[in-house]
Amino acid sequence: HYYITNNLSRMSDEGVRATNNDASHCKRWCVEKRYFRDDYLKYFVHSTTAKAPEISRGYYVRVQSVRQAMRSFIKQHDRNCQIINIGAGFDTLFWNLTQEGLQPQAFVELDFPQIVMKKIRVISSKSELNSVISRDEGGCDGTKVTKGSVHSQCYHLLSIDLRDKTAVSKVVEDCSLDPTLPTLVLTECVLCYMPAQSSAHLISWASTTFPNSLFLNYEPCNMTDRFGSIMIENMRSRDCELPGILACPTLTDQEKRFTDLGYSNAKAIDMNEALRQLPAGDFQRIARLEFFDEHEILTQLLEHYCLSWATQGHSGNICLDLAL
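Residues numbered from 1 in each chain as written. Predicted model: local features only at pLDDT ≥ 70, side-chain atom pairs only at ≥ 80, totals over all residues. Heavy atoms only, no water.

Draft legend 1. Spatial organisation of the pattern of salt bridges. Within this structure, the stated rule accounts for 16 salt bridges. Here Asp 38 ties to Arg 67 by a salt bridge, and the two come within 3.6 Å at their closest N and O atoms. Here the residue Asp 38 occupies a position in the loop between helix H1 (7–32) and helix H2 (53–76), and Arg 67 occupies one in helix H2, the gap between them amounting to 29 residues. Residue class for Asp 38 comes out buried when judged on its relative accessible area of 8%. Accessibility expressed as a relative area gives 9% for Arg 67, which makes it buried. Between Arg 285 and Asp 282 there is a salt bridge, with the nearest N and O atoms lying 2.8 Å from each other. A residue pair is termed a helical-turn pair when its members lie 3 or 4 positions apart in one helix, as Arg 285 and Asp 282 do in helix H12 (residues 280–286) at three residues. Since its relative accessible area comes to 26%, Arg 285 is described here as partly exposed. Three or more residues joined by partner-sharing salt bridges are found here, namely Asp 13, Asp 161 and Arg 163. (Salt bridge = Lys/Arg side-chain N within 4 Å of Asp/Glu carboxyl O. Helix = DSSP H or I, 4+ residues; strand = E, 2+ residues; numbered from the N terminus. Buried < 20%, exposed > 50% of the residue type's maximum accessible area, 1.4 Å probe, protein only.)

Rendered as C-alpha cells:
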C-alpha cells in the first residue's frame, strides 16, 4: 500500500476515518430505539448518546435500503454470489445476513488499515463474531488472521488504500474471488471522499473485473443549494474534505458516471424515493418510536442523499420493497 505524505491529506484521511465512528454511534442509537435490529453492533460500539429523531430516521432509510438491496441480490442468485463492501468500517452486514440465512459465497470488507486493525481486535475477542466467520462448509476452522487482514472460506477483511490502483487490483487474488460469479460492490459514503479520478478508477475496475456485477452506491447528492453548502462546510469544520462531491451533483450525473465507466444500466434515486419504496408497514412502525414533528427537515435531509446502482451482465437488479 502507499500512504499520502502531504499533511493536509493526512488530516483529511483522519477526518474520513472519524466518520466511521460517527456513523457507528448513530446506528447504535437506532438499534437502542428499535429502528432496526442489529445484534452485533454492540461489540464495536459499547454505548452512545441520544441522536435527533430526523438523524435516526435518516439512518433507518439508509440501513434498511442497503439491507433490502443486499437481500434482493442474494436471493436472486440463491446465495451463489459475492459481496465486496468497500469502506466497510464497523459495518455488521456480514453477520446480519448470515443470521438471516443469506450468507453469500464470499463477503469481502475493505478499509483503511487503522480501522481494519481495530475491527480485527474486536472480531478476535468476541466468539459471537469469530465463530461465524470461522464456520466453513466442512465445519473446520480455516481462518487466517494477521495484523491487517482476516481470511476464511466465506469472509475476508483487508486493509487497503482505495486510491492505490495496484492494491485494488490485487483484491481478487488476495481474497480468492471468482470474477465470473455475480458480484455486488457496495460503497456507502466512500466515493465522495475520493478524488474523482480515483473513484472513476474504482468503478472501472469493478465493471471490468466482474462482468456480472451490480454496483450499489450511497452518498450525498444535490449539494449545490444552500442546504448542501451547509453540509459541506460542516464536514470541512471537522477536517473532512469531500473532493468527489461535485463530480456527480445530480441524480442524472450519478447514473451517467456508471454508464460512462462500463456499466450497461444505471438508476439513481434520492432517499425520499427510497423511503417510499421501502415496505410501508415498517415505516408506520418506526413512526411510533419517538415524537417527531420536523418532517420538512427530514425531507430536506433525504433529498440530499441518494442510492444509485448500476448493473451489467447477468447480475440481475434490486428491489427495496421486500418483506422485512
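So that's the structure; there's more coming.
Draft legend 2. Up close: the packing of H2 against helix H13 (residues 295–303). Two numbers describe how H2 lies on H13: the axes approach to 10 Å, and their chain directions differ by 40 degrees. Judged by the inter-axis angle, H2 sits oblique to H13. Along this stretch, H2 crosses H13, giving a crossing that reads as right-handed. Between H2 and H13, the contacting residues are Glu 54, Ile 55, Arg 57, Gly 58 and Val 61 on the first element and Ile 297, Leu 298, Leu 301 and Leu 302 on the second. Tallied by class, residues from the contact of H2 with H13 come to six nonpolar, one polar and two charged. (Axes fitted to C-alpha atoms, helices over the stretch in contact; angles between N-to-C directions. Parallel < 35°, antiparallel > 145°, perpendicular 65-115°, else oblique. Left-handed = near helix turned anticlockwise from the far one by under 90°. Contact = heavy atoms within 4.5 Å. Nonpolar A, V, L, I, M, F, W, Y, C, P; charged D, E, K, R; others polar.)

Draft legend 3. Highlighting the pairing of strand E6 (residues 183–188). Across the six residues of E6, six count as buried, placing the element largely inside the fold. Here E6 shows no split at all, with Thr 183, Val 185 and Thr 187 on one side and Leu 184, Leu 186 and Glu 188 on the other all buried. The pairing of strand E1 (residues 82–86) with E6 spans five bridges and is parallel. Note on E6: the bridge partner recorded for Ile 86 is Thr 187. Bridge count for E6 against strand E7 (residues 213–220) is six bridges, and the pairing is parallel. (Pairing = 2+ DSSP bridges.)

Draft legend 4. Just H2, in detail. Taking 1.5 Å as the rise per residue, H2 with 24 residues should run 34 Å; its terminal C-alpha atoms sit 34 Å apart, in good agreement. Most of H2 sits out of view: 21 of its 24 residues are buried. In the segment just after H2, Asp 78 is the residue with positive phi, at about 50 degrees. (Expected span 1.5 Å × (residues − 1).)

Draft legend 5. Structural detail: the environment of Ser 198. The residue Ser 198 is located in helix H8 (residues 196–209) in this model. A relative accessible area of 17% places Ser 198 in the buried class. The spacing of Ser 198 and Thr 224 is 26 residues in sequence and 22 Å in space, taken between C-alpha atoms.

All we've got here are geometric facts, nothing functional implied.
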